[in-house]
Amino acid sequence: MNLNEKFVITINRELGSGGRTIGRKLAEKLDVPYYDKALIQALQEKYHLSVDEIEKLKGRSHSWWAEFKRTLSIGVLQSEANYYQVEVGREPDLLTTDEMFQAEQEILKGMAADESCIVAGRSGFYAFRKHPNHLSILIQASIDARVARVVRKQGVTPEEARKIIEKVDKMRENYVNKYTKTSRYDTRNYDLVISADGKTEDEVVDFILRYIGKK
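Residues numbered from 1 in each chain as written. Predicted model: local features only at pLDDT ≥ 70, side-chain atom pairs only at ≥ 80, totals over all residues. Heavy atoms only, no water.

Visitor: Explanation requested: the overall build of the protein chain in the structure shown.
Guide: When helices and strands are counted, the protein chain shows 10 helices and five strands. Buried residues in the protein chain amount to 49% of all 215 residues. A separation of at least 24 residues holds for 74% of the contacts in the protein chain among residues at least 6 apart in sequence. Carbon and sulfur atoms provide 48% of the accessible area of the protein chain, an area that totals close to 11,100 Å². (Helix = DSSP H or I, 4+ residues; strand = E, 2+ residues; numbered from the N terminus. Buried < 20%, exposed > 50% of the residue type's maximum accessible area, 1.4 Å probe, protein only. Contact = heavy atoms within 4.5 Å. Areas by Shrake-Rupley, 256 points an atom, 1.4 Å probe, with all protein chains shown as cover.)

Visitor: How should the environment of Val-193 be read in this particular structure?
Guide: Mapped onto the fold, Val-193 is located in strand E5 (residues 192–195). Setting aside residues no more than four positions away along its own chain, Val-193 makes contact with Leu-138, Gln-140 and Thr-187.

Visitor: Please clarify how the pattern of salt bridges should be interpreted in this entry.
Guide: Pairs can form between side chains of opposite charge once their charged atoms are near each other. As enumerated under the stated definition, the model contains seven salt bridges in all. We note a salt bridge from Lys-25 to Asp-202, for which the minimum N-O separation is 3.2 Å. You can see Lys-25 sitting in helix H1 (residues 19–30) and its partner Asp-202 sitting in helix H10 (residues 201–211), a full 177 residues away along the chain. Here Arg-188 ties to Asp-186 by a salt bridge, and the two come within 2.8 Å at their closest N and O atoms. Classification of Asp-186 by relative accessible area gives buried; the value is 18%. Taken together, the shared-partner salt bridges in this structure form one network comprising Glu-14, Arg-146 and Asp-169. (Salt bridge = Lys/Arg side-chain N within 4 Å of Asp/Glu carboxyl O.)

Visitor: Which parts of the structure should I look at to understand the packing of aromatic side chains?
Guide: Any aromatic ring pair is given by two values, namely how distant the centres are and how the planes are angled relative to each other. By the definition in use, this model includes two aromatic pairs. With 5.7 Å between their ring centres and 50° between their planes, Phe-125 and Tyr-190 make a pair best called tilted. Of this pair, Phe-125 sits in helix H7 (residues 124–127) while Tyr-190 is found in the loop between helix H9 (158–180) and E5, placing the two residues 65 residues apart along the sequence. For the pair Phe-125 and Tyr-190, a shared accessibility class is recorded, and that class is buried. Pairing Tyr-175 with Tyr-179 gives two aromatic rings, centres 5.3 Å apart and planes at 55°, and the pair type is tilted. Here Tyr-175 pairs with Tyr-179, and both are found in helix H9, just four residues apart, close to one helical turn. Residue class for Tyr-179 comes out buried when judged on its relative accessible area of 9%. (Phe/Tyr/Trp six-rings, centres within 6.5 Å; stacked < 30°, edge-to-face > 60°.)

Visitor: Please clarify how the environment of Asp-197 should be interpreted in this entry.
Guide: You can see Asp-197 is positioned in the loop between E5 and H10. Spatially, the C-alpha atoms of Asp-197 and Ser-142 are 6.6 Å apart, while their sequence positions differ by 55 residues. Setting aside its immediate chain neighbours within four residues, Asp-197 contacts Ala-141, Ser-142 and Ala-145. There is a polar contact of 2.9 Å between the side chain of Asp-197 and the backbone nitrogen of Ser-142. (Polar contact = N/O pair within 3.5 Å; in protein donor to acceptor, adjacent residues only side chain to side chain.)

Visitor: Mind showing me how you'd approach the nonpolar core here?
Guide: Note that soluble globular proteins tend to have their nonpolar side chains buried in a common cluster. Within the largest apolar cluster, 23 residues are counted, with the highest numbers of intra-cluster contacts made by Ile-9, Ile-11, Leu-26, Leu-30, Ile-118, Ile-137 and Ile-208. Those residues in contact with Ile-208 that lie beyond four places of it in its chain are Ile-22, Leu-26, Ile-137, Leu-192 and Ile-194. If you look at the next biggest cluster of nonpolar residues, it comprises 12 residues, including Tyr-35, Ile-40, Cys-117 and Phe-128. (Core = buried A, V, L, I, M, F, W, Y, C linked by side-chain atoms within 4.5 Å.)

Visitor: Would you explain the pairing of strand E1 (residues 8–13) in this entry?
Guide: Across the six residues of E1, six count as buried, placing the element largely inside the fold. Burial of E1 is two-sided: the residues Val-8, Thr-10 and Asn-12 facing one way and the residues Ile-9, Ile-11 and Arg-13 facing the other way are all buried. In terms of strand pairing, E1 meets strand E3 (residues 117–120) through four bridges, oriented parallel. What sits directly across from Thr-10, in E3, is Val-119. Where E1 lies against strand E4 (residues 134–140), six bridges are found, and the strand directions are parallel. Bridge assignment links Thr-10 to a residue of E4, and that residue is Ser-136. (Pairing = 2+ DSSP bridges.)

Visitor: Just checking my understanding: could you explain the sheet that holds strand E2 (residues 34–36) for this structure?
Guide: Within a sheet, adjacent strands bond to each other through the backbone by hydrogen bonds, running parallel or antiparallel. Here we have five strands laid out as an open sheet, ordered E2-E3-E1-E4-E5, and parallel in their pairing. The strands lining the two open edges of the sheet, one partner per strand, are E2 and E5. The sheet shows a mean angle of 20° between the axes of neighbouring strands, taken without regard to direction. Taken together, the three bridges between E2 and E3 define a ladder with parallel strand orientation. Across the sheet, the residue bridging to Tyr-34 is Ile-118, located in E3. (Axes fitted to C-alpha atoms, helices over the stretch in contact; angles between N-to-C directions.)

Structure follows, in structure tokens:
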């Protein structure tokens, strides 16, 4: 990956692996925006970014995402990202339609065409599979570590945490399989697979930075 040109890093993560926090910390270190599923979904719903609407935006501007972001302002985008942060275990059931998936793919591509960025979400690795300057990462952890993190973050019992993890794992795998015809656990989809066991979030971030030659 060439850091001197526009790049995109996509992060798939298992619930309870700390992947979301790692993605945000990595974005801070690289001084690039961080986007996740919650923000993309919020944009689709609040601003009606259907495939047709995105095509209209493209027709008005070569860099439609840059124009759209300037209209909203970066601050608005950041507040939306925080407001639409989905709590662990409270993600909605699979309600995505083919139209919504295609719109999501176009939003992701628009982001990366405008600027370097980090994208955390279920289909990022697929959206950018042909991108010339893309690093795809999967962050995993053992079930015991994942359960412990969900217990700590959400204040639930270990039994409840395990049920939450099983539900979200199934939901995310169904989503990926339905729309990309592959598995989110297929390591061939990634350049880098990291186990977060025994590592702090900052240690994982440092490892990624060393991998891409930033440290």
